[in-house]
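Breakdown of the fold
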Amino acid sequence: MNDELVNRIESNPKYKELVSKRNGLGIKLGIFVLVMFYAYILVIAFNKELLSAKIGDGVTTIAFPIALAILVISFLTTLIYVKKANTEFEDLTNQIKKDVKDLL
């Protein structure tokens, strides 16, 4: 890529909007998943009794469904990001391409 094209893309307000929205969403979702995961690990480390409580008469503890929920929620946050990337972020990217192409 030549420097002029890079400068045109980087100076486009839609590019700045795209970068801002994409980074903002990624950081928010990432922090959410990390807080959830590390909270679970901290409970394991400091309050084992809470997660070792048995469910019903079997051997399954409360830790298993909580861990499963963390995995499902992590998967859902990934789906949220992918949906945004394939709709809003993709639309902004196409608008940027069109704007830059019109300038060339």
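Presented here is a report on the structure given in the accompanying data block. Predicted model, so just to flag it, every value in this text is computed and none were measured.

1. Topic: the packing of helix 1 (residues 3-11) against helix 2 (residues 13-46)
Look at helix 1 against helix 2: their axes get within 5 Å of each other, and the N-to-C directions meet at 65°. With respect to each other, helix 1 and helix 2 are oriented roughly perpendicular. For the pair helix 1 and helix 2, the contacting residues are Ile9, Glu10 and Ser11 in the first and Pro13, Tyr15 and Lys16 in the second. Here the residues of the contact of helix 1 with helix 2 sort into three nonpolar, one polar and two charged.

2. With respect to the nonpolar core
Counting seven residues, the largest nonpolar core is built from Leu18, Leu25, Leu29, Phe89, Leu92, Ile96 and Val100. When contributions to this core are tallied by element, the ones reaching two or more residues are helix 2 and helix 4 (63-103). No other element matches helix 4, which puts four residues into this core. Leave out the neighbours within four places in its chain, and leucine 92 touches Lys14, Glu17, Leu18 and Lys21. Among the nonpolar cores identified, the runner-up in size contains five residues, and Met36, Tyr40, Leu51 and Ala63 belong to it.

3. Here we look at the pattern of salt bridges
The tally for this structure, following the rule as stated, stands at five salt bridges. Glutamate 17 serves as the salt-bridge partner of lysine 21, at 2.9 Å between the closest nitrogen and oxygen. Of the two residues, lysine 21 and glutamate 17 both sit in helix 2, four residues apart, roughly one turn of that helix. Classification of lysine 21 as partly exposed rests on a relative accessible area of 33%. If you follow the salt bridges from partner to partner, you end up with Glu17, Lys21, Lys84 and Glu88 in one network.

4. Here's the deal with the environment of threonine 93
Its location among the elements puts threonine 93 in helix 4. Relative accessible area serves as the criterion here: at 25%, threonine 93 is assigned to the partly exposed category. Note: C-alpha distance between threonine 93 and leucine 18 (75 residues apart in sequence) is 7.5 Å.

Thresholds, definitions, all that
Residues numbered from 1 in each chain as written. Predicted model: local features only at pLDDT ≥ 70, side-chain atom pairs only at ≥ 80, totals over all residues. Heavy atoms only, no water. Axes fitted to C-alpha atoms, helices over the stretch in contact; angles between N-to-C directions. Helix = DSSP H or I, 4+ residues; strand = E, 2+ residues; numbered from the N terminus. Parallel < 35°, antiparallel > 145°, perpendicular 65-115°, else oblique. Contact = heavy atoms within 4.5 Å. Nonpolar A, V, L, I, M, F, W, Y, C, P; charged D, E, K, R; others polar. Core = buried A, V, L, I, M, F, W, Y, C linked by side-chain atoms within 4.5 Å. Buried < 20%, exposed > 50% of the residue type's maximum accessible area, 1.4 Å probe, protein only. Salt bridge = Lys/Arg side-chain N within 4 Å of Asp/Glu carboxyl O.

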